[in-house]
Amino acid sequence: MSLTYRPRRLRRTPTLRRMVRETVLRTEDLIAPLFIAEGRGVARPIGSMPGQAQLSVDQIDREIDDLMELRVPAVLLFGIPARKDSNGSAAWDPAGPVPSAIRAIRSRAPDMAVIADVCLCEYTDHGHCGLINTRDDELVYNPHEPEGALLNDPTLELLARAAVAYAEAGADIVAPSAMMDGQVAAIRAGLDRAGHLSVPIMAYAAKFASAFYGPFREAAESTPRFGDRRAYQMDPANGREALREVALDAAEGADMLMVKPAGAYLDVIRMVRERYDLPLAAYQVSGEYAMLKAAAQNGWLDERRAAMESLLGIKRAGADLIITYYAKEAARWLIEDRDGKAL
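Thresholds, definitions, all that
- Residues numbered from 1 in each chain as written.
- Predicted model: local features only at pLDDT ≥ 70, side-chain atom pairs only at ≥ 80, totals over all residues.
- Heavy atoms only, no water.
- Salt bridge = Lys/Arg side-chain N within 4 Å of Asp/Glu carboxyl O.
- Helix = DSSP H or I, 4+ residues; strand = E, 2+ residues; numbered from the N terminus.
- Buried < 20%, exposed > 50% of the residue type's maximum accessible area, 1.4 Å probe, protein only.
- Contact = heavy atoms within 4.5 Å.
- Axes fitted to C-alpha atoms, helices over the stretch in contact; angles between N-to-C directions.
- Parallel < 35°, antiparallel > 145°, perpendicular 65-115°, else oblique.
- Left-handed = near helix turned anticlockwise from the far one by under 90°.
- Polar contact = N/O pair within 3.5 Å; in protein donor to acceptor, adjacent residues only side chain to side chain.
- Core = buried A, V, L, I, M, F, W, Y, C linked by side-chain atoms within 4.5 Å.

Draft legend 1. Seen up close, the pattern of salt bridges. Applying the stated rule across the entire model yields 19 salt bridges. Between Arg188 and Asp192 there is a salt bridge, and its shortest N-O distance comes to 3.1 Å. In this pair, Arg188 and Asp192 both sit in helix H5 (residues 183-193), four residues apart, roughly one turn of the helix. When its relative accessible area of 13% is taken as the criterion, Arg188 is described as buried. Given a relative accessible area of 31%, Asp192 falls into the partly exposed group. Each of Arg26, Asp29 and Lys315 takes part in a single network of salt bridges with overlapping partners.

Right under this line is the structure:
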């Protein structure tokens with residue numbers, strides 16, 4: 001039998017495969033999350049995330065140097081304060097872990113893009129992403145809302161306040177992740193009032209209430225003391241609603257969009273990519289990373305190939321940027337495998 005078209009012809013050698021490769025993953029596509037702990041001399045490994053640690057500002061130099069050497073262009077910062085309260089006031093403390101880390105990174109690596117996550121869950125003593133409706137707080141108590149409910153609008157002012165604190169410290173980008181309605185507009189207004197018209201917003205536009213966040217909550221010490229976050233994070237079943245969330249953030253002035261998590265939501269990444277021309281990030285979250293690490297440690301899969309395949313799938317779905325705990329390893333593998341043998 002004669003075959004006119006044989007796809008295998010272009011797969012014979014690494015050079016041919018590289019020449020016709022449709023999707024290319026680059027070190028410049030990667031963003032590394034870092035957990036910044038208050039204090040000094042802190043380098044606390046995260047049990048559920050092998051290779052990751054809570055680091056105090058005086059311990060991040062080596063990590064930043066490694067990322068710069070590997071040409072990973074950006075970091076995403078999460079803060080772990082020594083003190084928490086009901087309104088998360090440490091989030092906007094200019095001496096807090098994130099502003100301090102921003103200034104340190106700006107000094108050591110001026111060319112690195114520093115992204116500050118904007119949320120209150122790491123900073124509140126109840127672990128939720130905003131203010132809680134309680135009779136104990138007469139300033140925010142709303143008798144028309146259930147006791148213990150998260151209050152959307154009073155939280156917006158605090159998110160804006162935190163974003164301004166990060167911009168003042170030198171953040172290149174702020175990234176609101178609280179999933180409060182109107183948060184992008186509130187933060188944009190707050191930044192502009194403070195004179196930070198040039199600081200862009202990377203919106204966690206479609207953030208789902210995912211089981212894959214488990215290890216992050218250990219890393220960021222942000223597990224809710226009661227209830228869960230399903231009343232404000234998205235239902236994993238809803239794709240069309242994700243597009244409505246994205247539309248709202250784009251209309252409110254988001255400069256960049258994000259889908260979180262990535263692996264179980266490749267269809268959402270693709271839908272957003274097809275409808276919006278803003279830069280699009282996807283977050284390969286802690287549970288995705290932990291699963292790959294655990295399977296590799298048990299000898300069930302080739303970690304290098306599986307991790308790179310998962311990242312390539314996120315890029316192929318339409319993400320321009322990938323936030324991943326594999327950033328440093330993936331960058332090293334990409335540099336090592338310029339001959340196309342990584343996959």
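So much for the structure itself; the text now carries on.
Draft legend 2. Representation of the environment of Ser86. Among the secondary structure elements, Ser86 is positioned in the loop between strand E4 (74-80) and helix H3 (97-108). Looking at Ser86, the relative accessible area reads 40%, which means it is partly exposed. The spacing of Ser86 and Leu334 is 248 residues in sequence and 44 Å in space, taken between C-alpha atoms. The contact partners of Ser86, leaving out residues within four places of it in the chain, are Thr124, Asp125, His126 and Leu131.

Draft legend 3. Fine view of the packing of helix H9 (residues 286-297) against helix H10 (residues 303-317). Across the interface, H9 lies against H10 with an axial gap of 10 Å and an inter-helix angle of 160 degrees. Classed by the angle they form, the pair H9 and H10 counts as roughly antiparallel. Crossing geometry of H9 relative to H10 is assigned as right-handed. On H10, the residues touching Leu292, Lys293 and Ala296 of H9 are Glu303, Ala306, Ala307 and Ser310.

Draft legend 4. Inspection of the side chain of Asp85 at higher detail. Along the chain, Asp85 falls in the loop between E4 and H3. At 2.4 Å, the side chain of Asp85 forms a polar contact with the side chain of Ser89. Beyond its immediate sequence surroundings of up to four residues, Asp85 is in contact with Tyr123, Thr124 and Asp125.

Draft legend 5. Quick look at the nonpolar core. Ranked by size, the top nonpolar core spans 120 residues in total, and within it Phe35, Val75, Leu77, Tyr166, Met202 and Tyr283 carry the most contacts. With residues up to four places along the chain from it excluded, the contact list for Phe35 reads Ile46, Met49, Ala53, Gln54, Leu55, Phe78, Ile80, Phe216, Ala219, Ala220 and Tyr325.

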